[in-house]
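What follows is the residue order along each chain.
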Amino acid sequence: MANTYVVGFPRIGEQRELKRALEVYWAGKSSKKELKSVASDLRKRHLIYQKNAGINMISVNDFSFYDNMIDAMVMLGATPKRFSDLECMDKYFVMARGDENHKAMEMTKWFNTNYHYIVPELSKDMEFSINIDKIKAEYVEAKELGITPKINFIGMLTFLKLSKTDDENEVCKNLMPAYIELVKQLSTLDDEVTIQFDDSYFVTNPTKEDLEKLGKVYDKLTAVADNVKIFVATYFEHSNEANAVLAKTNIEGMFLDFVAGSENRVKTLIDAGKKVGIGIVNGRNVWINDIAESVKFLEGISESANKDQLLVGTSCSLLHVPFTLKYEEKLDEDIKSWLSYAVEKLNEVNIINKLFRGEELNAEEKADLVANEEAVAIRKTSEKIHDTIVKDRVSNLTAKDSDRGMPFEERIKLQRKNLKYPILPTTTIGSFPQTPELRKLRRDYKNGVISEEAYETQIKKMTDELIKLQEDLDLDVLVHGEYERNDMVEYFGEQLNGVAFSQNGWVQSYGSRCVKPPLIFGDVSRPKDMTVKWITYAQSKTNRPMKGMLTGPATMLNWSFVRDDQPRSVTGYQMSLAIRDEVNDLEAAGIKVIQVDEAALREGYPLRNSKKAEYEKWAIEGFKITTSGVKPETQIHTHMCYSEFSDIMDAIEAMDADVISIENARSDNSLLNVFKERGYKGEIGPGVYDIHSPRIPSTEELVEEIEKLMEVLPAEKLWINPDCGLKTRKWPETTPSLKNMVEATKIVRAKLNK
């Protein structure tokens, strides 16, 4: 009987095989056939991992070459007309990445995660057409392995709500027949077909109208074919309003998140005879499950339900955690024993399910259970976790620690006078291309292949060359390039107490982009300065202002795997104090511009409005603690990535940064308009070109873009910069793009001076 499930599984591969295959293909060094072969091998391996772990309900169509939302667009025939000159896989990747003739589609964060999705562009005159070839192929692969899979697809209303539309109601009417046809075609794949519709929009404060539509949609979809069983998956929060509505439809059941959505109520679903997936193994964090507590929780639910109605699974897709601990050979043994990656979480699901149902564990499962019990006990009392000095410092914080001491309107006058930057000052966000040679240099140093002296000599040489390049380009505020840094979070995490790092803890962020989040396992502190040496070296090589580059406390947490044994806010304040120490040391060393990136501030927001104030309190106060120890003359910048800003403008204003840069290039100034409408007082650097695409914007194009910015905000408030760091780009794209950006700025300045 099917009683265990996984919402979805990582696709990048346990050693990032898909990442490498994609990048080789994009570089023109392999064929479509070779890329598809790698993908097929990975899918089969991943299916076998799940089957061998005792998972009954295993997904297909959770795999993607780039993103499941763009896959859904393709399968629904919902691709924008501007890509109509392209075909098949070429169109697919250009939609996501752009090329010299096509601007990439907008990309933003998947709910409050660090995973990015491609935003569909839907119009009321769009004609949808269904193509399930991808699903068919993956379904056949699974069947050949003895697996009858469930088919994952984005729920209709979530697809609609996460898209850009010209008329939501009309698009909704047109989408309904398309989804009906989708279910009809999927029903032909087997005698009995199970579909998982991911409809997590309904954890985000749905309206009465949304809920009415939800009921109607599933009434229609469940009536398409008698052999189709539909499960609705929600995750990252509770979906109680939707649960009540869906209990009245003919769906087979729901998969619910009981980690982030512990308030989920299931009585209505149970009473209606629905199956309920209890997502109790955390799909978003890496800490081991307390198996005994999970079984106790399930038994509590089963007091009012038939056990056969309850399924045991993951809280969300395992896409959000690393693949397997198998390759972690250097981690502290205690810390490693507290961890569980995707493959290990499969075993947790299996053991919890067996204990819950009174089934006998085999010898290996018994050993795993004993290890789990021991690790849970040790983690509660380990001296590696607790630091009294750090705890006392947090408890002694006062309001003065988060106050700049002078209003922005007065600070900015001092800063403009001291820094002497022109109107429309030009800068970059921080990082510059990380070449294979640079990565090899860092790797050789880390592995002891070259000496510290040889390593630093090369880093200094590259920094010198970059400073000269920026001066030749005539940028106004420079950066040092971050050549010594592997990642904007990892670099700092490696130098903080209470933080550990894995060898192979890679997680997909978008496309082939993977990150290796820090493991915040204990109390956080900064034992010594982290950036002063390299920033002050760079400043000594130029008379132009050099930005000190740091990562903010909320971003450090939101892009890390954070300990779950104390309130997240406490860890946030600890991180704020650690970074505050670095900000103060940079100022003392003569750095006059300091950028504290809060790229991930928005994605950390709870999805329920009722919980936002609690997050804002520590996240905004934490940023202010970090930046309020400096003099008014020191200019504080921050940077934010793809975000919907309209509902967090109070928080952004409260941060009291002097300059904010935002990713604006793919949004047609919609983000910038939010700042205008709000009357934001600070200076703003909207991204004038998209760094997630390899295309080089022309000078003429950038002149037009800057002039469009000035239609929204006065030139006196604007900075000119790319929309994000340049780390992932190549030099042949980077230099001409920046050259054109500076030239365009000068052209616009000249017009202003006439």
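Reading the values: rules and limits
- Residues numbered from 1 in each chain as written.
- Predicted model: local features only at pLDDT ≥ 70, side-chain atom pairs only at ≥ 80, totals over all residues.
- Heavy atoms only, no water.
- Axes fitted to C-alpha atoms, helices over the stretch in contact; angles between N-to-C directions.
- Helix = DSSP H or I, 4+ residues; strand = E, 2+ residues; numbered from the N terminus.
- Parallel < 35°, antiparallel > 145°, perpendicular 65-115°, else oblique.
- Left-handed = near helix turned anticlockwise from the far one by under 90°.
- Contact = heavy atoms within 4.5 Å.
- Nonpolar A, V, L, I, M, F, W, Y, C, P; charged D, E, K, R; others polar.
- Phe/Tyr/Trp six-rings, centres within 6.5 Å; stacked < 30°, edge-to-face > 60°.
- Buried < 20%, exposed > 50% of the residue type's maximum accessible area, 1.4 Å probe, protein only.
- Lys NZ or Arg CZ within 6 Å of the ring centre and 35° of its normal.
- Pairing = 2+ DSSP bridges.
- Right-handed = clockwise from strand over helix to strand, strands pointing away.
- Expected span 1.5 Å × (residues − 1).
- Polar contact = N/O pair within 3.5 Å; in protein donor to acceptor, adjacent residues only side chain to side chain.
- Salt bridge = Lys/Arg side-chain N within 4 Å of Asp/Glu carboxyl O.

*Asks:* Before we move on, can you summarise the packing of helix α25 (residues 670-678) against helix α26 (residues 699-712) with the specific residues and values?
*Replies:* Each pair of packed helices can be described by the angle between their axes along with the distance between the axes. Where α25 contacts α26, the axes come no closer than 9 Å and their chain directions differ by 25°. Classified by the interaxial angle, the pair formed by α25 and α26 is roughly parallel. Remark: the crossing between α25 and α26 carries right-handed chirality. Between α25, through L672, N673 and K676, and α26, the contact on the second element is made entirely by L709, E711 and V712. Taken together, the residues of the contact of α25 with α26 sort by class into three nonpolar, one polar and two charged.

*Asks:* Give me the packing of helix α1 (residues 17-26) against helix α4 (residues 88-97): which residues, what numbers.
*Replies:* The geometry of α1 relative to α4 is characterised by a closest axis approach of 13 Å and an angle of 100° between their N-to-C directions. Relative to α4, α1 is oriented roughly perpendicular. Contacts between α1 and α4 involve L22, Y25 and W26 from the first element and M89, D90, F93 and R97 from the second.

*Asks:* Would you mind going over the packing of aromatic side chains in detail, with residue names and values included?
*Replies:* Applying the stated criterion across every chain, the model contains 27 aromatic pairs. Between Y25 and F93, the aromatic rings sit 5.9 Å apart at their centres with planes inclined by 50°, giving tilted as the arrangement. Within this pair, whereas Y25 is found in helix α1, its partner F93 is found in helix α4, the two being separated by 68 residues in sequence. Given a relative accessible area of 13%, Y25 falls into the buried group. Between W110 and Y117, the aromatic rings sit 5.5 Å apart at their centres with planes inclined by 80°, giving edge-to-face as the arrangement. What links up through ring pairs into an aromatic cluster is the set Y25, W26, F63, F65, Y66, Y92 and F93. Between R97 and the ring centre of W26, over which it is positioned, the NZ or CZ distance is 3.9 Å.

*Asks:* Before we move on, could you go through the pairing of strand β8 (residues 193-198) and cite the residues and values that matter?
*Replies:* Regular strands place side chains that alternate from one sheet face to the opposite one. Across the six residues of β8, six count as buried, placing the element largely inside the fold. Burial along β8 is two-sided: the face carrying V193, I195 and F197 and the face carrying T194, Q196 and D198 are both buried. By the bridge criterion, five bridges tie strand β6 (residues 150-154) to β8 in an arrangement that is parallel. If you follow I151 over to β8, its bridge partner there is I195. One ladder, built from six bridges, connects β8 with strand β9 (residues 228-233); its direction is parallel. The residue bridging V193 from the neighbouring strand is V228, located in β9. In this region the chain leaves β8, passes through helix α8 (residues 208-221) and returns to the parallel neighbour β9; the handedness of that crossover is right-handed.

*Asks:* Explain helix α23 (residues 612-627) residue by residue, including any values.
*Replies:* Compared with the 22 Å implied by 1.5 Å per residue over 16 residues, the 22 Å span of α23 between its first and last C-alpha is a close match. On its buried face, α23 sits against α21 (553-558), α22 (568-588), β19 (593-597), β20 (635-640) and α24 (649-655).

*Asks:* Can you tell me about the sheet that holds β8, naming the residues and giving the values?
*Replies:* Read from one edge of the open sheet, eight strands run β1-β12-β11-β10-β9-β8-β6-β2, paired in parallel fashion. Of all strands in the sheet, those bounded by a partner on one side alone are β1 (4-5) and β2 (59-60). The pairing of strand β11 (residues 275-281) with strand β12 (residues 310-314) spans five bridges and is parallel. Bridge pairing in β12 places V276 opposite L310. Helix-sheet contacts for helix α11 (residues 291-302) involve β11 and β12, and the interaxial angle to β11 is about 160°.

*Asks:* Tell me about unusual backbone geometry, and please be specific about residues and values.
*Replies:* Despite not being glycine, N205 shows a phi value in the positive range, around 75°. With respect to the helices and strands, the residue N205 is situated in the loop between β8 and α8. The phi dihedral of E482 is positive, around 60°, even though this residue is not glycine. Examined against the element boundaries, E482 turns out to sit in the loop between α18 (452-473) and α19 (490-493).

*Asks:* An account of the sheet that holds strand β13 (residues 497-500) is requested, with residue identities and associated values reported.
*Replies:* Reading across the sheet, the three strands line up as β13-β16-β18 and stay open at both edges, with mixed pairing between neighbours. The open sheet has two edge strands, β13 and β18 (561-562), and neither has a second partner. With two bridges connecting them, strand β16 (residues 519-525) and β18 associate as parallel partners. When the sheet's bridge partners are listed, L519 is paired in β18 with F561. Strands β16 and β18 of the sheet are contacted by α22, whose axis makes an angle of about 55° with β16.

*Asks:* For helix α20 (residues 532-539), give the residues involved together with the corresponding values.
*Replies:* In terms of residue burial, α20 counts as a mostly covered element, since six of its eight residues are buried. Taken residue by residue, α20 has V532, W534, I535, Y537, A538 and Q539 as its buried positions. Structurally, α20 contributes buried residues whose contacts are with α18, α19, β17 (547-551) and α22.

*Asks:* Give me the side chain of N558: which residues, what numbers.
*Replies:* Within the fold, N558 resides in helix α21. Within the structure, the side chain of N558 is placed 3.3 Å from the side chain of R568, a separation counted as a polar contact. Of note is the side chain of N558, whose polar atom sits 3.1 Å from the side chain of Y615. Not counting the four nearest positions on each side in its chain, N558 is found in contact with R568, A600, L601, E603, G604 and Y615.

*Asks:* Give me the lowdown on the pattern of salt bridges, citing residues and values where you can.
*Replies:* Enumeration over the complete set of coordinates arrives at 61 salt bridges. When the shortest N-O distance is used, the salt bridge between E365 and K354 registers 3.1 Å. In this pair, E365 sits in helix α14 (residues 363-381) while K354 sits in helix α13 (residues 342-357), placing the two residues 11 residues apart along the sequence. Overall, E365 belongs to the buried group, its relative accessible area being 10%. One continuous salt-bridge network, built from bridges that share partners, spans R404, R411, D656, D658 and K681.

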